[in-house]
Amino acid sequence: AGDGKQVPGSVTMAYSVEEEIEMLAGAELLTERQAEAYVYREIERLSRDEAAERMGISLSTLDDYRSDAAAKIEQAEGTLDVLKKIQGKREANV
């Protein structure tokens, strides 16, 4: 369990928090600390206090990591949207 693999006839199993952080940091968009803050706050929905305590950092540092992560993710999503538009137009012209 927790390996994120498909099991026939079931929904995708959830990843562990550690796997989520590793995957986000491994994509090389976010630092490990940004990924950790983002996962705890935005995916796991921990309170600010709980997330900061788990990370061993202040609330303001947690907020900085999370907001930097969110900004990078938003920028990456925007880039993907542009690429999809370009590819869609190219495919329509073929």
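Quick notes on the overall build of the protein chain
For the protein chain, the helix and strand inventory stands at four helices and zero strands. N-terminal to C-terminal, the α/β element order of the protein chain is α-α-α-α. Looking at the protein chain as a whole, 22% of its 94 residues qualify as buried. Surface exposure of the protein chain reaches about 6800 Å², of which carbon and sulfur atoms provide 50%.

Remarks on the confidence of the model for the protein chain
When pLDDT is averaged along the protein chain, the result is 87; 86% of the residues meet or exceed 70. This stretch, residues 1-10, has a pLDDT under 50; its non-local contacts, to residues over four places away or in other chains, come to 18 contacts.

Comments concerning helix 4 (residues 59-92)
Across its 34 residues, helix 4 extends 49 Å between first and last C-alpha, which sits within 8% of the 50 Å expected from 1.5 Å per residue. Turning to helix 4, its buried residues are Leu62, Ala69 and Ile73. Where helix 4 is buried, its residues meet helix 2 (32-43) and helix 3 (48-55).

Calculation notes
Residues numbered from 1 in each chain as written. Predicted model: local features only at pLDDT ≥ 70, side-chain atom pairs only at ≥ 80, totals over all residues. Heavy atoms only, no water. Helix = DSSP H or I, 4+ residues; strand = E, 2+ residues; numbered from the N terminus. Buried < 20%, exposed > 50% of the residue type's maximum accessible area, 1.4 Å probe, protein only. Areas by Shrake-Rupley, 256 points an atom, 1.4 Å probe, with all protein chains shown as cover. pLDDT = per-residue confidence, 0-100. Contact = heavy atoms within 4.5 Å. Expected span 1.5 Å × (residues − 1).

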